[in-house]
Amino acid sequence: MEKINIFWFRRDLRWEDNVGLHQALVSGLKVMPVFIFDTAILSRLQDPYDKRVDYIHQALQSVHDELRKYGSGLHINHGEPKEVFRKLIQEYPVDTVFCNRDYEPQAIQRDHEISELLRESGVQFRDFKDQVIFEGNDILKNDHSPYTVFTPYSRKWKENLKKISILPSDLSGCIEFEGSPDIIPLEETGFKKTGIQFKKPELNRKVIESYHQYRDFPAMDGTTHLGTALGFGTISIRKCVQYAVEHSEVWLNELIWREFFMQIMFHFPHVVNHCFKKKYEHIIWRNNEAEFMAWCEGRTGYPLVDAGMRELNQTGFMHNRVRMITASFLTKHLLIDWRWGEAYFAEKLIDYDLAANNGNWQWVAGCGCDAAPYFRIFNPYGQAAKFDQDSVYIKKWLPQNYREEPVVEHTAARQRALEAYRKALAE
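First, a word on scope: everything that follows refers to the structure included in this document. What you see is a predicted model, and the numbers here were worked out from it, not measured in a lab.

Section: the overall build of the protein chain
- Each helix and strand counted, the protein chain has 19 helices and 5 strands in total.
- Relative to the globule expectation of 22 Å for 427 residues, the C-alpha radius of gyration of the protein chain, 23 Å, shows essentially globular dimensions.
- In terms of overall dimensions, the protein chain has a C-alpha envelope of 75 × 55 × 40 Å along the principal axes.
- Looking at the 427 residues of the protein chain, the share that counts as buried comes to 55%.
- Sequence-distant contacts, at least 24 apart, represent 80% of the contacts inside the protein chain between residues at least 6 apart.
- As displayed, the protein chain offers around 19,700 Å² of accessible surface, 50% of which is attributable to carbon and sulfur atoms.
- A gap of 5 Å separates the mean positions of the 54 positive and 59 negative side-chain charges of the protein chain.

Here's the deal with the environment of C369
- Mapped onto the secondary structure, C369 falls in the loop between α16 (354-365) and α17 (380-387).
- Not counting the four nearest positions on each side in its chain, C369 is found in contact with T148, F260, I264 and F276.

Re unusual backbone geometry
- Despite not being glycine, H144 has its phi angle at roughly 70°, a positive value.
- Residue classification places H144 among the exposed residues on the basis of a relative accessible area of 63%.
- If you check the backbone angles, D221 has positive phi at about 55° while not being a glycine.
- The residue D221 is located in the loop between α8 (211-214) and α9 (227-232) in this model.

What about the side chain of E342?
- Note on placement: E342 falls in helix α15 (residues 338-348).
- At 8.3 Å, R339 is the nearest oppositely charged side chain to E342, a buried residue that forms no salt bridge.
- If near-sequence neighbours (up to four positions away) are discounted, E342 is found in contact with Y352, L354, N357, N358 and W361.

Considerations on the packing of aromatic side chains
- Enumeration according to the criterion identifies 29 aromatic pairs in this entry.
- Arranged with centres 6.2 Å apart and planes meeting at 70°, the rings of Y147 and Y153 form a pair that is edge-to-face.
- Look at F292 and Y344: their rings are 6.5 Å apart centre to centre, the planes differ by 85°, and that puts the pair in the edge-to-face class. Here F292, found in helix α12 (residues 289-297), pairs with Y344, found in helix α15; they are 52 residues apart in sequence, far enough to count as distant.
- By relative accessible area, Y344 is classed as buried at 13%.
- Members of the aromatic cluster, joined through ring pairs, are Y147, F150, Y153, W257, F260 and F261.
- Here the basic side chain of R10 rests over the ring of W8, its NZ or CZ set 4.4 Å away from the ring centre.
- Here the guanidinium or amino end of R323 rests over the ring plane of F317, the centre of that ring lying 5.4 Å away.

Some details on the environment of T148
- In this fold, T148 is placed in the loop between β5 (124-128) and α6 (150-160).
- Separated by 131 residues in the primary sequence, T148 and K279 place their C-alpha atoms 16 Å from one another.
- Setting aside anything within four residues of it in sequence, one finds T148 in contact with F260, I264, F268, F276, C369 and D370.

Describing the pattern of salt bridges
- Across all of its chains, the model carries 27 salt bridges by this definition.
- One salt bridge connects D127 with R101, and the closest N-O pair in it is separated by 3.1 Å. With D127 in strand β5 and R101 in the loop between β4 (94-100) and α5 (105-120), this pair connects stretches of sequence that are 26 residues apart.
- Given a relative accessible area of 28%, D127 falls into the partly exposed group.

Looking at the sheet that holds strand β1 (residues 4-9)
- The sheet built from 5 strands is open, its strands ordered β3-β2-β1-β4-β5 with parallel pairing. Two strands in the sheet have a free side with no partner beyond their single neighbour: β3 (75-79) and β5. Pairs of neighbouring strands in the sheet enclose a mean axial angle of 25°, with direction left out of account.
- As paired strands, β1 and strand β2 (residues 30-38) are joined by 6 bridges and run parallel to one another. In the strand pairing of β2, F7 is matched with P33.
- Where helix α4 (residues 81-91) meets the sheet, it contacts β1, β2, β3 and β4, and its direction lies at approximately 150° from that of β2.
- Against the sheet, α5 touches β1, β2, β4 and β5, its axis set at about 150° to β5.

What about the pairing of β1?
- Of all 6 residues in β1, 6 are buried, a share of seventy percent or more.
- You can see the chain leave β1, run along helix α1 (residues 19-25) and come back into β2, and the turn it takes is right-handed.

Remarks on the packing of α12 against helix α13 (residues 303-315)
- It is the contact of α12 with α13, at a shortest axis distance of 7 Å, that shows an interaxial angle of 70°. In this view, α12 runs roughly perpendicular relative to α13, as classed from their interaxial angle. On the side of α12, the interface is formed by W295, C296 and E297, while α13 contributes V305, M309, R310 and N313.
- Grouping the constituent residues of the contact of α12 with α13 by class yields 4 nonpolar, 1 polar and 2 charged.

Description of the nonpolar core
- Counting 67 residues, the largest nonpolar core has L60, W157 and W251 as its most contacted members.
- With 9 residues, the top contributor of residues to this core is helix α11 (residues 249-267).
- If sequence neighbours within four positions are ignored, W251 has contacts with L203, I208, Y211, T224, L226, C240 and A244.
- Core analysis: the next-biggest nonpolar cluster, separate from the first, contains 47 residues, C275, W295, I336 and A365 among them.

Thresholds applied
Residues numbered from 1 in each chain as written. Predicted model: local features only at pLDDT ≥ 70, side-chain atom pairs only at ≥ 80, totals over all residues. Heavy atoms only, no water. Helix = DSSP H or I, 4+ residues; strand = E, 2+ residues; numbered from the N terminus. Rg over C-alpha atoms; globule rule 2.2 N^0.38 Å. Buried < 20%, exposed > 50% of the residue type's maximum accessible area, 1.4 Å probe, protein only. Contact = heavy atoms within 4.5 Å. Areas by Shrake-Rupley, 256 points an atom, 1.4 Å probe, with all protein chains shown as cover. Lys, Arg positive; Asp, Glu negative; His and termini not counted. Charge placed at Lys NZ, Arg CZ, Asp CG, Glu CD. Salt bridge = Lys/Arg side-chain N within 4 Å of Asp/Glu carboxyl O. Phe/Tyr/Trp six-rings, centres within 6.5 Å; stacked < 30°, edge-to-face > 60°. Lys NZ or Arg CZ within 6 Å of the ring centre and 35° of its normal. Pairing = 2+ DSSP bridges. Axes fitted to C-alpha atoms, helices over the stretch in contact; angles between N-to-C directions. Right-handed = clockwise from strand over helix to strand, strands pointing away. Parallel < 35°, antiparallel > 145°, perpendicular 65-115°, else oblique. Nonpolar A, V, L, I, M, F, W, Y, C, P; charged D, E, K, R; others polar. Core = buried A, V, L, I, M, F, W, Y, C linked by side-chain atoms within 4.5 Å.

And the structure:
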């Protein structure tokens, strides 16, 4: 039998401008496109109506539809990746498995184990940089240590940015595998259809050019809504950066923040579960469960906080400015461990990204790299007056009969937080 290569789709659910897929297609052998619904990841998701799984499923159907035009299709699997590959290399004469790199600690460990399994069977494993412009060791200080402050990192990032090329992908190089017009039903993965509708992500010039003016106003919908597409790779980062360079310095900086947090997690994997600044582990959190539930359910009595949490619970999205305000409220006003909030966002956000979610929560809590100082405590009333002056956003997400007593008084809560932080940092 003629040898084939496998391209393993992961956080790159598109056929356009996909580095690993392009490399597989120009390798000289026919390519089998593979996706694995990883049971180890899916088992950690509590809600059978998880919008992210539905989004992935619909994105895969879109890729499958494109492949079928070339007489090919996606080879979908549901299981533990190691076992899936053990089976695939027994069934097919595989020469090389191609994929794009992932930088989360668990993904790095998974890929190491799979490359070892393949190597033992004489199969090569080749991974490529695709979901970032610059990965872990690409942008380093002059002494070859990683940056832990954003501004000098972003400066060097921009200095190193070269002309961006968008890669072609000739899908006629995929193996003939017409198969079914549809991929496996979503229900076979243990999840159900939600209201989410996948559509191919696009760059909205009007939004991006005015991003610097409107991005902080939650009622204005002035953000790109591309977090989900970037997280699952349904749009290429190169396409986004190319566009940002031409149209919005402010949005470009947001894309650089994304890579900054990724390289922080790569170099300092302890941040997944621990404070980047170790002395912040001394904070004595109150961790009041009733107050945490009030925060989760949007019942804190602070309208902007409650509007944000209700938007999150209903849609799986929350405006960026409001994310900072709700996170600050949890960690400072309620003195609840940032890890509780980070885990709740991880459960609910459609655009959840471990590095960004972790980095932003630690930034707000004051315990991360290049974090906001601990004494920076957002006043939810002041933030509402500044960014939702006419309460348009608040009224959209709170019912007319909204009457919640504040769980804490702002000035007293602020003082309590300052004392708790000062005491911890003095130890």
